[in-house]
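Breakdown of the fold
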Amino acid sequence: MNALVHFRDVSKRFGEDFAIREVNLEIRRGQITALIGPSGCGKSTILRLIVGLVVADKGEMLFDGAKIAGETIMKIRRRLGYVIQDGGLFPHLTARQNLTLQPRLFRRRRNEIETRISELCELTKFPSGGLDRYPLELSGGQRQRVGLMRSLMLSPELLLLDEPFAALDPLVRMNLQRDLKEICARLQQTVLLVTHDLAEAAFLGDEIVLMNEGQIIQRGSIADLRAKPVNEFVREFISAQRGLVQL
Amino acid sequence: MNAGKESRGRNISPANRCSVLAVSSLLFSAILVSANPVIIGSKKFTESYVLAEVAKRCLENAGIKVQHRQGMGGTIILWQALRGGSIDVYPEYTGTIAEEMLKQPGASIGEIRNALSAQGIAMTDDLGFNNTYALVMRRDRSEQFGLKTISDLRAHRELKFGLTHEFLERRDGWRPLSERYQLAPAEVLGVDHAVGYSALVKGDIDVKDAYSTDAKIGDYGLVTLIDDRHFFPQYKAVFLYRKALSEQASQALNDLSNSIDEAEMIRLNSEAERTKNYAAAAQQFFGTTDSTSPFVSETFRNKLLRWIIRHLELAGISLLLAVIVGLPLGIIASRGGAVGHVILGITGVIQTIPSLALLALLVPLPFFGISVRTAIVALFLYGLLPIVRNTATGLQDIPRPLRESAIALGLTAGQRLRKIFLPLASRSILAGIKTSAVINIGTATLAALIGAGGLGEPIISGLNLNDHVTILEGAIPAAVLALLVQFFFDLLDRVLIPKGLRL
């Protein structure tokens, strides 16, 4: 099996409303899967189900062949990296403390941790002089780089990115997108990216999964979606993102 | 009412008796240095303070270690403290023992002794004076009309009576008194006690009710009318003490019987109210006012230091307990749900109980009684709510993304709490602790009501004596202490709140 994560007929309701309905999904190893769709379509729920922040009502979820459930989730979380909008850094810890928190609690050796930090600083182009700053002393883009470093500290098998660049200004976002693509390529990182920005999905995603109203509508490359939309929604969603060329 | 005055003079100086005892007991005390001190309690009025100081001095002269816990409260509190063993001795009045404590009005001395003995308590013979209600007049007025007894008043309906409201209502007060003596004065006014004295001196009223050993009787040279029909119950002063008290201590106390008459007590009360120094007043009784006496009263600096240390003990220990208990409760409450509501509800309700009432509710419980322990528990209960509530809201206010990031990092619940959530909520938690600390410093002044000491001691004596200077001796240090505590916690904020949160 080439896929790292499997969803089989997974449903999740919040009250009366379905967040996702009978979703089937595989996340393939070594590539970036971009989950995209209008807000409320259930794309974030899929990501939160994998981390165990919400629990599925129905269906089965597998991570590397093991069931994602209450008993297994703590072990699975150690194999995941999770980055949210604005980085999710803890404001009471310096950048370095944010990075070392998890490996220290998991009893990694100090010099091993230090080596990893310098590797990641280089990889994410984060100036090592900023490591002893607090999150509030860093720029939005720097915070996001530290967030990315934190998620990569333990070399996770799956990197989960939830709208990571949504709050950044366009120039910073563009640089970060470019760097992220480069990093993931170098690490051959398996990534699940949630975004509402089609350009971002198209730029970063090896494969795009388009969702609407809790269900997967179409998956494939951006070229597939553009050339062969399965229905009117796909056509509209693709064409709603207008490039400068069209203006 | 004047039984003591007529027959019981001061025959032998108790100072002499005590000094004889002192010599003989020095040997014992040298051996028994480690013995616990005898604890003397007193009620919240001048005479009780003075008598307790007299007992203290007498026991000290006999070489016994003594501690005086001033102004612990009223009859019920002292009686319970004595039975419970938190005090060993205190001055009381026979009428009060029979009516309020034993509920046997009119019991004879023998009956009282037997009933007390059954509870492990002994009683000295009376000290030689009777502190009951009395009617008093200005000397010149009583001489002008030739009045010596209450019966003599019957012939003078024109005399104006100014009586306290309490005396007008009491069972042993004005109504039955006027029936017994068939008094029908033209005018009877209800007047406050203190105001009544000045009205009497100015001549606005002619007759007033008083306690027969009121200092004011001596101060204003008033005349006490003889209760010739024996209407007023006997309130003879005695010492009650635990039967477990050592032979020499009980002997020393019993040596005080029949040694103080009304005039002497009035003199001592007057001295005490004038100087606000009960120890010095008691010293007058022993006739040793010379400065070479080894029993100089505690200096103000020492007293203040003692009050402050005790105050900080009360507030500090209770705060520590409130933190130890409040923090976990706050953490549980932060998770919401029924349990959280119950915790916040209960701590909230405790806060609405007036602090005096909370003390009064705790005192009768088995474990508590009149003690520092009770005061600490009451303060602890008060300190709980701010800590619990601020901990709960501090944790609940942590943004969801941060909460979820901590979970996603694979930290266990304990690690999340210690490393992430509590530091993030530290500002709010510390603010709660600060609030509790300041509240406790303020509320701890009430601890003096149950004999737990602290800066409330001078405040309460001051209130009882209507003496503003004494009140301020406690109130000003308490206020300063509250400010210092506030300042201390502001500094603590800088140490304990992570730097990253203060940017």
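Quick caveat: nothing in here was measured; it's all calculated off a predicted structure.

**What to know about the overall build of chain A**
Along the backbone of chain A there are 9 helices and 10 strands. Residues counted as buried form 41% of the 247 residues belonging to chain A. Residue pairs in contact within chain A that sit at least 24 positions apart in sequence constitute 68% of those at least 6 positions apart.

**As for the overall build of chain B**
Within chain B, the regular secondary structure consists of 23 helices and 10 strands. The buried share of chain B, taken over its 503 residues, is 46%. Expressed as a percentage of contacts within chain B between residues at least 6 apart in sequence, the contacts between residues at least 24 apart total 79%.

**Considering the sheet that holds strand E5 (residues 133-138) of chain B**
Residue and element names in this part refer to chain B. Reading across the sheet, the 5 strands line up as E7-E6-E8-E5-E9 and stay open at both edges, with mixed pairing between neighbours. Among the strands making up the open sheet, the edge pair consists of strand E7 (187-190) and strand E9 (222-224). Averaged over all adjacent pairs, the angle separating strand axes in this sheet is 35°, with direction ignored. Relative to strand E8 (residues 207-211), E5 runs antiparallel, the two being bridged by 5 bridges.

**Concerning the confidence of the model for chain B**
All names here are of chain B. Mean pLDDT over chain B stands at 84; residues scoring 70 or higher make up 90%. Scored below 50 in pLDDT, residues 1-34 makes 58 contacts in the model with residues more than four places away or belonging to other chains. Predicted confidence is poor over residues 289-296, with pLDDT under 50, and the contacts of this stretch with residues over four places away or in other chains come to 7 contacts.

**So, the environment of Gly 454 of chain B**
Residues and elements named next belong to chain B. Take Gly 454: it is sitting in the loop between helix H21 (426-443) and helix H22 (456-465). Owing to 27 C-beta atoms within 10 Å, Gly 454 belongs among the buried residues under this scheme. Between the C-alpha atoms of Gly 454 and Ile 308, which are 146 residues apart in sequence, the distance is 6.1 Å. In contact with Gly 454, not counting residues within four places along its chain, are Trp 307, Arg 310, His 311, Leu 314, Ala 444, Thr 445, Ala 447 and Ala 448.

**Comments concerning the interface of chain A and chain B**
Listed as interface residues are 21 residues of chain A and, on the opposing side, 19 residues of chain B. Looking at the side of chain A that touches chain B, the elements with two or more residues in it are helix H2 (73-77), strand E6 (80-84) and helix H3 (95-105) of chain A. Split by residue class, the side of chain A that touches chain B holds 14 nonpolar, 4 polar and 3 charged.

**Details of the nonpolar core**
Ranked by internal contacts, the top residues of the largest apolar core, which has 196 residues, are Leu 160 of chain A together with Ala 55 and Ile 450 of chain B. Here this core gets 13 residues from one element, more than from any other, and that element is helix H18 (residues 372-396) of chain B. In this structure, Ile 450 of chain B is in contact with Met 72, Gly 73, Ile 77, Leu 359, Val 363, Ile 370, Thr 374 and Ala 375 of chain B, ignoring residues within four places of it in sequence.

**Remarks on the environment of Lys 44 of chain B**
All names here are of chain B. Relative to the helices and strands, Lys 44 is located in the loop between strand E1 (38-43) and helix H3 (46-61). Overall, Lys 44 belongs to the buried group, with 21 C-beta atoms counted inside 10 Å. In this structure, the C-alpha to C-alpha distance between Lys 44 and Ile 460, residues 416 residues apart in sequence, is 8.2 Å.

**Some thoughts on the sheet that holds strand E3 (residues 32-36) of chain A**
The strands that make up a sheet are held in pairs by hydrogen bonds between backbone atoms, and each pair lies either parallel or antiparallel. Residue and element names in this part refer to chain A. With respect to topology, 6 strands assemble into an open sheet ordered E6-E7-E8-E3-E9-E10, the strand pairing being mixed. The open sheet has two edge strands, E6 and strand E10 (215-220), and neither has a second partner. The sheet shows a mean angle of 15° between the axes of neighbouring strands, direction not considered. Across 5 bridges, strand E9 (residues 207-212) lies against E10 in antiparallel orientation. Paired with Met 211 across the bridge in E10 is Ile 216. Of the strands in this sheet, E6 and strand E7 (158-162) touch helix H5 (residues 140-152), which is tilted by about 165° from E6.

**What about the packing of H3 of chain B against helix H13 (residues 262-275) of chain B?**
All names here are of chain B. Close contact between H3 and H13 brings their axes to 9 Å; oriented N to C, the two are set at 105°. Compared by their axis directions, H3 and H13 come out roughly perpendicular. Note on element contacts: H13 touches H3 through Met 265, Leu 268, Asn 269, Ala 272 and Glu 273, opposite Thr 46, Glu 47, Tyr 49 and Val 50.

**Section: unusual backbone geometry**
All names here are of chain A. For Asp 64, which is not glycine, the phi torsion reads 50° and is therefore positive. Relative to the helices and strands, Asp 64 resides in the loop between strand E4 (58-63) and strand E5 (66-67). For Asp 64, a count of 15 C-beta atoms within 10 Å translates into the label partly exposed.

**Let's talk about the pairing of strand E1 (residues 3-14) of chain A**
Residue and element names in this part refer to chain A. By the bridge criterion, 8 bridges tie E1 to strand E2 (residues 17-28) in an arrangement that is antiparallel. Across the sheet, the residue bridging to Phe 14 is Asp 17, located in E2. Between E1 and the antiparallel strand that follows it, E2, lie 2 residues; Gly 15 among them carries a positive phi value of about 65°. Bridging between E1 and E4 involves 5 bridges; their strand directions are antiparallel. What sits directly across from His 6, in E4, is Leu 62.

**So, helix H10 (residues 193-202) of chain B**
Residue and element names in this part refer to chain B. Restricting attention to buried positions, one finds in H10 the residues Gly 196, Tyr 197 and Leu 200. Buried residues in H10, looked at end-on, bunch into an arc of 100°, giving them a common side. Away from its buried face by more than 90 degrees, H10 exposes Ala 194, Val 195 and Lys 202. The inward-facing, buried residues of H10 contact E5, strand E6 (160-163), E8 and helix H11 (215-219). One or two positions beyond H10, positive phi appears at Gly 203, with a value near 95°.

**Side note on the packing of H3 of chain A against H5 of chain A**
Residue and element names in this part refer to chain A. Where H3 contacts H5, the two axes come as close as 8 Å, and the packing angle between them is 20°. With respect to H5, the axis of H3 lies roughly parallel. Once H3 is placed against H5, the crossing between them reads as right-handed. Facing Ala 95, Asn 98 and Leu 99 of H3, the residues of H5 in contact are Val 146, Met 149 and Arg 150. Across the contact of H3 with H5, the residue classes break down as 4 nonpolar, 1 polar and 1 charged.

**What about helix H14 (residues 278-285) of chain B?**
Listed in full, the buried residues belonging to H14 of chain B are Tyr 278, Ala 281, Ala 282, Gln 283 and Phe 285 of chain B. Each element contacted by the buried residues of H14 of chain B is listed here: H3 and H13 of chain B.

Definitions and limits used
What you see as residue numbers is a count from 1 along each chain, following the sequence as written. Labels are handed out in written order, letters beginning with A for the chains and numbers beginning with 1 for the ligands. Local features are withheld for residues below a pLDDT of 70 in this predicted model, meaning they are given only at 70 or higher, and side-chain atom pairs are given and counted only at 80 or more; totals for whole chains, interfaces and linings count all residues. Strands here mean DSSP runs of E at least two residues long; helices mean DSSP runs of H or I at least four residues long; both are numbered from the N terminus. For every residue, the other C-beta atoms within 10 Å of its own C-beta are counted; 20 or more classify it as buried, 12 or fewer as exposed, and values in between as partly exposed. C-beta atoms are placed from the backbone. Residues are treated as contacting if the C-beta atoms built from their backbones sit within 7 Å of each other. Strand pairing is assigned whenever DSSP detects at least two bridges linking the two strands. Angles run from 0 to 180 degrees between N-to-C directions of axes, and those axes are lines fitted to C-alpha atoms, restricted for helices to the stretch in contact. A score between 0 and 100, pLDDT records how confident the predictor is in each residue. Residues are grouped as follows: nonpolar covers Ala, Val, Leu, Ile, Met, Phe, Trp, Tyr, Cys and Pro; charged covers Asp, Glu, Lys and Arg; every other residue, Gly included, is treated as polar. By convention the nonpolar core is taken to be a set of buried residues drawn from Ala, Val, Leu, Ile, Met, Phe, Trp, Tyr and Cys and joined through C-beta atoms within 7 Å. With respect to orientation, any angle under 35 degrees is reported as roughly parallel, any angle over 145 as roughly antiparallel, any angle of 65 to 115 as roughly perpendicular, and every other angle as oblique. Arc, as used here, means the arc of the directions from the helix axis to the C-beta atoms. The sense of a crossing depends on the near helix, which, turned anticlockwise from the far helix by less than a right angle, makes the crossing left-handed and, turned clockwise, makes it right-handed.

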